[in-house]
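Here are the chains, one letter per residue:
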Amino acid sequence: MLDTARSRIWEAMQIGPQWLLRDTEDPLLDEMTKKRLAPAPVRETSAQAPASARTGASAPASLASPRAPVTHRAPRAGASSHPVAATGAARAGENVIQIVTLPEETVTAAKTADWETLRSLADACRACPMGSTRQHMVFAEEGREARFVIVGEAPGGEEDFQGIPFVGKSGQLLTAMLNVLGIERRKDVTILNVLKCRPPGNRNPKPDEVAACSVFLRRQLEILQPDVLFLMGRFAVTSLLNLPPDSSIGRTRGTVYEVRVGAKMVPAVTTYHPSYLLRRPEEKAKAWEDLVLLKQTLARAGITFGKKDA
Ligand code: URA
């Protein structure tokens, strides 16, 4: 149908306006707007920077190269593992871009560290400025009997203050969601974050920060050897499923993935982050569907909880 005809129908149905693609410049555009809309110059980051830091494809191969999925195969992780060497500064035109990477010795030590050694390594980490701006490094909330691990994004203000993940407003919502399934915190589930330190002002983690901090997350999972993962929010989902950082969580929902943890493939369910649900309560119905899928996935792994039934 012609665009103009369609426009008229839409207008009659009061569902316009329809936006038409111009092939000529809009004569009404002012100079400022033209500059703003002009394509940004391509910026070279660093030849030395790890591909994962440049592209944001951040999960280390050992975590995210999936084998046969339960219902879906996550994309294979890149050949590069995680970043090494100290924080790098790469010149790009007039700008200096800081690339966050962990020192080689930290990466090496983390690979074989036990839980407490790993905690000390994360605590001592100053690879990025968050190591100095944080109050506490937030390592984990451990479940005594947990075979199930939740991965969130990064500590917020309250978590930074207490040194415990998910104790602020989004944590309260998470606790309520878990209670529906009969899951008790500090017993049935271990809770981790992609970043161990609070991003200033609760800004989003950057791809190189995610890549650097994934050294800790990877080893945490290797030590915990979970049987089921619940990935909450864009950063947990994209880093562990090795998806581009701007991937839509909505598209990943409803599928059980498999994430490699050491030699084992672990089923993983994705969902929105609780802080997103606090901002968009109308999406809670979808999170409910994700909880149902999680419950089925847990049951398939032989994990059941409590008395209540969802
Ligand atoms: N949001 C997260 O992703 N993790 C926390 O620990 C707190 C809020």
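*Asks:* Sorry, what's going on with the overall build of the protein chain here?
*Replies:* Regarding its fold elements, the protein chain presents 14 helices and 7 strands. Here the protein chain, with 310 residues, has 47% of them falling under the buried criterion. Long-range pairs, those at least 24 residues apart, make up 69% of the contacts in the protein chain between residues at least 6 apart in sequence. As presented, the protein chain carries roughly 16200 Å² of accessible surface, and 54% of it is formed by carbon and sulfur atoms.

*Asks:* Which parts of the structure should I look at to understand the site of the ligand?
*Replies:* Surrounding the ligand, one finds G152, E153, A154, E159, P165, F166, S170, N193 and H273. Between the ligand and the protein, one listed contact pairs a nitrogen atom with a backbone N or O atom of A154 at 3.1 Å. Measuring from a nitrogen atom of the ligand, one finds a side-chain N or O atom of N193 at 2.8 Å. Protein chains bury 94% of the 230 Å² of accessible surface belonging to the ligand in isolation. Of the residues belonging to the shell around the ligand, the class tally is 3 nonpolar, 4 polar and 2 charged.

*Asks:* I tried to follow the nonpolar core on my own but got confused; where do I start?
*Replies:* As a rule of thumb, nonpolar side chains are buried together in soluble globular proteins. Within the largest apolar cluster, 43 residues are counted, with the highest numbers of intra-cluster contacts made by L102, V151, F216, L221, L229 and L231. The set of elements that each furnish at least two residues to this core consists of α5 (104-112), α6 (115-124), β3 (148-152), α10 (207-224), β5 (228-232), α11 (234-241), β6 (257-261) and β7 (264-271). Here this core takes 7 residues from α10, the largest share from any one element. Core analysis: the second largest hydrophobic core is formed by 26 residues, L181, V189, V228 and L294 among them.

*Asks:* Explanation requested: the sheet that holds β3 in the structure shown.
*Replies:* Neighbouring strands of a sheet are bound in pairs by backbone hydrogen bonds; such pairs are parallel or else antiparallel. Read from one edge to the other, the open sheet built from 5 strands follows the order β4-β3-β5-β7-β6, with strand pairing classed as mixed. Strands with a single pairing partner mark the edges of an open sheet, and in this sheet they are β4 (189-193) and β6. Here the strands of the sheet are splayed against their neighbours by 30 degrees on average, with no regard to which way each runs. The pairing of β3 with β5 spans 4 bridges and is classified as parallel.

*Asks:* Explain the pattern of salt bridges here, please?
*Replies:* Across all of its chains, the model carries 15 salt bridges by this definition. A salt bridge links E116 to R119; the shortest N-O distance between them is 3.0 Å. Of the two residues, E116 and R119 both sit in helix α6, 3 residues apart, roughly one turn of that helix. Among the charged side chains, a network of salt bridges with common partners joins R280, E282, E283 and K286.

*Asks:* Which parts of the structure should I look at to understand the environment of D227?
*Replies:* Inspection of the secondary structure puts D227 in the loop between α10 and β5. What makes D227 buried here is its relative accessible area of 19%. Measuring from C-alpha to C-alpha, the distance between D227 and V261 comes to 9.9 Å, with 34 residues separating the pair along the chain. Aside from chain neighbours lying at most four places away, what touches D227 is R147, K264, V266, P267, A301 and I303. At 2.8 Å, the side chain of D227 forms a polar contact with the side chain of K264.

*Asks:* In this structure, what is going on with the side chain of N193? I would like to understand it.
*Replies:* Looking at the secondary structure, you find N193 in strand β4. Those residues within four positions of N193 in sequence are excluded, and the remaining contacts are V138, V151, G152, E153, A154, P155, P165, F166 and L217.

*Asks:* What is the right way to look at the packing of α6 against α10 in this model?
*Replies:* Any two packed helices are characterised by how steeply their axes cross, that is the angle between the axes, and by the distance between the axes. α10 packs onto α6 with a crossing angle of 170 degrees between their chain directions and a minimal axis gap of 10 Å. Classed by the angle they form, the pair α6 and α10 counts as roughly antiparallel. The segment α6 lies against α10, with W115, L118, L121 and A122 engaging F216, R219, Q220, I223 and L224. Of the residues in the contact of α6 with α10, the class split is 7 nonpolar, 1 polar and 1 charged.

*Asks:* What is the right way to look at the packing of aromatic side chains in this model?
*Replies:* Here the distance between the centres and the angle between the planes together describe a pair of aromatic rings. Inspection of every chain in the model, using the stated rule, returns 3 aromatic pairs. Geometrically, the ring pair formed by F148 and F305 is tilted, given 6.3 Å between the ring centres and 50 degrees between the ring planes. Taken together, the positions of F148 in strand β3 and F305 in the segment after α14 (284-300) put the pair 157 residues apart, joining distant regions of the chain. Across this residue pair, the class does not change: F148 and F305 are buried. An angle of 35 degrees between the planes, with centres 4.9 Å apart, marks the rings of Y272 and Y276 as tilted.

*Asks:* Explain the packing of α5 against α10 to me, please; I cannot follow it from the model alone.
*Replies:* Running from N to C, α5 and α10 cross one another at 10 degrees; their axes reach a closest spacing of 9 Å. Put simply, α5 runs roughly parallel to α10. Taking contact as the criterion, the partners of T106, V107, A110, K111 and T112 in α5 are, on α10, V215, F216, R218, R219 and E222. Residues of the contact of α5 with α10, tallied by class, amount to 4 nonpolar, 2 polar and 4 charged.

Cut-offs used in this document
Throughout, residues of each chain are indexed from 1 in the direction in which the sequence is written. Residue-level local features of this predicted model are given only where pLDDT is at least 70; pairs of side-chain atoms are given and counted only at 80 or more, and the full residue set underlies all totals for whole chains, interfaces and linings. Remark: hydrogens and water are excluded; side-chain values derive from all non-hydrogen atoms of the structure. For helices the rule is a DSSP run of H or I covering at least 4 residues; for strands it is a run of E covering at least 2, with both sets numbered from the N terminus onward. Buried, partly exposed and exposed residues are distinguished by accessible area as a fraction of the type maximum, computed with a 1.4 Å probe on protein chains only: under 20%, between the cut-offs, and over 50%, respectively. By definition in these notes, contact holds between two residues if any of their heavy atoms fall within 4.5 Å. Under the convention used here, a 1.4 Å probe and the Shrake-Rupley method define accessible areas, while residue burial counts only the protein chains that appear. When we say a residue is near a molecule or strand, we mean one of its heavy atoms is within 4 Å of it. Pairs of N or O atoms within 3.5 Å make up the polar contacts considered here, provided that, within protein, one atom can donate a hydrogen while the other can accept it, and that residues adjacent in sequence are counted only when both atoms are side-chain atoms. Ten residues, namely Ala, Val, Leu, Ile, Met, Phe, Trp, Tyr, Cys and Pro, are considered nonpolar, four, namely Asp, Glu, Lys and Arg, are considered charged, and the remaining ones, Gly among them, are considered polar. By nonpolar core is meant a set of buried Ala, Val, Leu, Ile, Met, Phe, Trp, Tyr and Cys residues that side-chain atoms within 4.5 Å join together. Only when DSSP finds a minimum of two bridges between them are two strands counted as paired. A fitted line through C-alpha atoms serves as each axis, taken over the contacting stretch for helices, and the angle formed by two N-to-C directions is quoted from 0 to 180°. Any Lys or Arg side-chain nitrogen found within 4 Å of a carboxyl oxygen on Asp or Glu counts as a salt bridge. Any angle that falls under 35 degrees is termed roughly parallel, while one over 145 is termed roughly antiparallel, one within 65 to 115 roughly perpendicular, and all others oblique. A pair of Phe, Tyr and Trp rings is counted when the ring centres sit within 6.5 Å of each other, with Trp represented by its six-membered ring. The angle between the planes then sorts it: under 30 degrees is stacked, over 60 is edge-to-face, the rest tilted.

Worth remembering: the numbers are spatial, not functional.
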